[in-house]
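What the coordinates show
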Amino acid sequence: MYRSGSYIRVVPMPRDYGHVMKARSFIKKKKQPVKRGDVIMSSRPFCWVVDSSLAGQYCEYCLGSFRKDRILTRCSDCYRAWYCSRMCRDLAEPLHRKECEIFRRKPEFKPRDTARFMARLICKLRDGGDEISEKVDDRRSRSFKDLMSHFREIKQDRRQLRYLREMMPDLKVLLGEGNLPDHSSLVTIYGKVMVNSFCLLDDHLTPIGTSIYLAASVFDHSCVANAFVSFIGNRLVIRSLVDWPDLDLNLVRISYIDSMNTRAYRQLYLKDHYFFLCDCRICKDDQYDRMMSTVACGNPNCENPVYINEKSSADLGPCSACGFSDWQEDLRQDYKCSAVLARNKLQDLDENHPDFEVWREVVDQQSDMFHPLNILRAKSLDALLTATINLRGWLTALGIARKNHSAIRHYYGPKHPTYGLFLLKLAKIESNNMEWDSALRHLQEAEEILESGLGSNHPLFYSEFSWLIIQASEESKVKIQRSIMYGGTLKASFVDRARS
């Protein structure tokens, strides 16, 4: 789960919740150990919004998605907002009321989601939101005024100021020109939202909006995080990824960005959006970063990655494992062309709907030249995998997923929830290819990872994962029975696993 610094979204907390919003904090008392998978913090949002492009797909209060057993209905006045129940409609009413009046009068008005967020937040603060605080632990609470704004940096950032200016016409309509805060206050609010917001995720961990959680904003970033953020509806849950003999909140780190990126990209993004540079373990590891730009050794019997510096014109050095040095004369130029193509396509990538033909061309250009741990190859294969699954090309998808398995495991680690999600995806692909033994093995590997990262009460775990592992287990038993019936031979390990 990654915090979003470039988009801003909201939905209100009703006034009858009182002046103090209590966070459901499960932080262990001093000297009591915290184990991997334990909840560190759980809380409700201060303010949030669902992307307007997803209108009708999620309840705008509880974030429940449209399913056969959950029918969403529109607001009968503006026809813009959707809710799963009358209760959610009533709870959302305090801040939707203002928008509703405007949308009813101006049905053609389609403000940016950022402007909607800012307008709702300003209204909330004006109605006493500054007095709301959220408990961090037994000694600390946080309110909106405690959030860092990076006012000075925002004032010197032409890109952010331009974005704020472009938002002003929408804000004037949503708030009324006479109700706009002064420029300094507006910059302060915008800065606090930009550097403290979280990307909301649905049950399948798909981004659907942005929110601010007051207490959770206390946690700093690390590319090697020791805690993981997930969502159950609009409730944020942070779970520990490590064992703590004695939990110290000052040492808890979450990741604001996807760590499967080069050090240069991560540092630039963090500097542009959060105004700091990360000094975590992998940001200091030159060898780790060099691994991301590697080619396969020319020796077919050697699997060692060989670093290639795109900025250098010198001959490629010998393989450190086998000493191979008879490289193709145009290898460096071919690598640069393939790398540039991949980067250009990644900039325009629609993560949910990548173009199959585009990404097949990108991957084909990389061919056997890129090492399996090359970061551009891993990202390209991931995009091609999504495109292939969207086309329901299960056999092709299986080959792509298996090619990318080692890279996902290397960059996220064998115990990270993102790797667990990849194993779940791989198992689903294997199930569609009737490879039940492999699917069951990968689901069993993913079980502890996902339960620790998401919790057994997360819909993805107790619904989709549980159903899939039951199905794989039953199909595996049927396979054993058929083999016995028809005289087939079985491996003892497979029998033991199926019986369990």
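Everything below is about the structure shown above.
The paragraphs below set out a description of the structure included in this document.

Conventions used here
Residues numbered from 1 in each chain as written. Predicted model: local features only at pLDDT ≥ 70, side-chain atom pairs only at ≥ 80, totals over all residues. Heavy atoms only, no water. Helix = DSSP H or I, 4+ residues; strand = E, 2+ residues; numbered from the N terminus. Buried < 20%, exposed > 50% of the residue type's maximum accessible area, 1.4 Å probe, protein only. Contact = heavy atoms within 4.5 Å. Core = buried A, V, L, I, M, F, W, Y, C linked by side-chain atoms within 4.5 Å. Pairing = 2+ DSSP bridges. Axes fitted to C-alpha atoms, helices over the stretch in contact; angles between N-to-C directions. Patch = residues over 30% accessible without salt bridge, like charges linked within 9 Å, V, L, I, M, F, W, Y side chains within 5 Å. Areas by Shrake-Rupley, 256 points an atom, 1.4 Å probe, with all protein chains shown as cover. Salt bridge = Lys/Arg side-chain N within 4 Å of Asp/Glu carboxyl O. Lys, Arg positive; Asp, Glu negative; His and termini not counted. Charge placed at Lys NZ, Arg CZ, Asp CG, Glu CD.

Looking at the side chain of H416
Counting through the fold element by element, H416 comes out in the loop between α11 (394–412) and α12 (417–432). Accessibility expressed as a relative area gives 17% for H416, which makes it buried. Apart from residues no more than four positions distant in its own chain, H416 is found in contact with F228, L241 and I449.

Looking at the nonpolar core
Counting 152 residues, the largest nonpolar core has F46, L121, F144, L171, I238 and Y411 as its most contacted members. With sequence-adjacent residues up to four places away left out, Y411 is seen in contact with S259, M260, Y288, M291, M292, L373 and I375.

Focus on the pairing of strand β11 (residues 235–240)
Each regular strand carries side chains that alternate between the two faces of the sheet. By the criterion of burial, β11 is predominantly enclosed, with six of the six residues buried. On β11, burial covers both faces: R235, V237 and R239 on one face and L236, I238 and S240 on the other are all buried. As judged from the four bridges shared by strand β1 (residues 39–43) and β11, these two strands associate in the antiparallel manner. When the sheet's bridge partners are listed, M41 is paired in β11 with I238. Note: strand β10 (residues 227–232) against β11, six bridges, orientation antiparallel.

Concerning the sheet that holds β11
What the three strands build is an open sheet, ordered β1-β11-β10; its pairing is antiparallel. Both edges of this open sheet fall to β1 and β10, since each of them pairs with a single strand only. Averaged over all pairs of adjacent strands, the angle between strand axes in this sheet comes to 20°, irrespective of strand direction.

Concerning the environment of K284
Along the chain, K284 falls in the loop between α6 (263–274) and α7 (286–290). K284 sits in the exposed class, given a relative accessible area of 59%. On a C-alpha basis, the gap between K284 and R263 in space is 8.9 Å, while along the polypeptide they are 21 residues apart. In contact with K284, other than residues within four places in its own chain, are R263 and D279.

Some remarks on a positive patch on the surface
The grouping of K98, R104, R105, K106 and R126 at the surface amounts to a positive patch. Here the positive patch takes three residues from helix α1 (residues 86–105), the largest share from any one element. If you trace the backbone, R126 turns up in helix α2 (residues 113–126).

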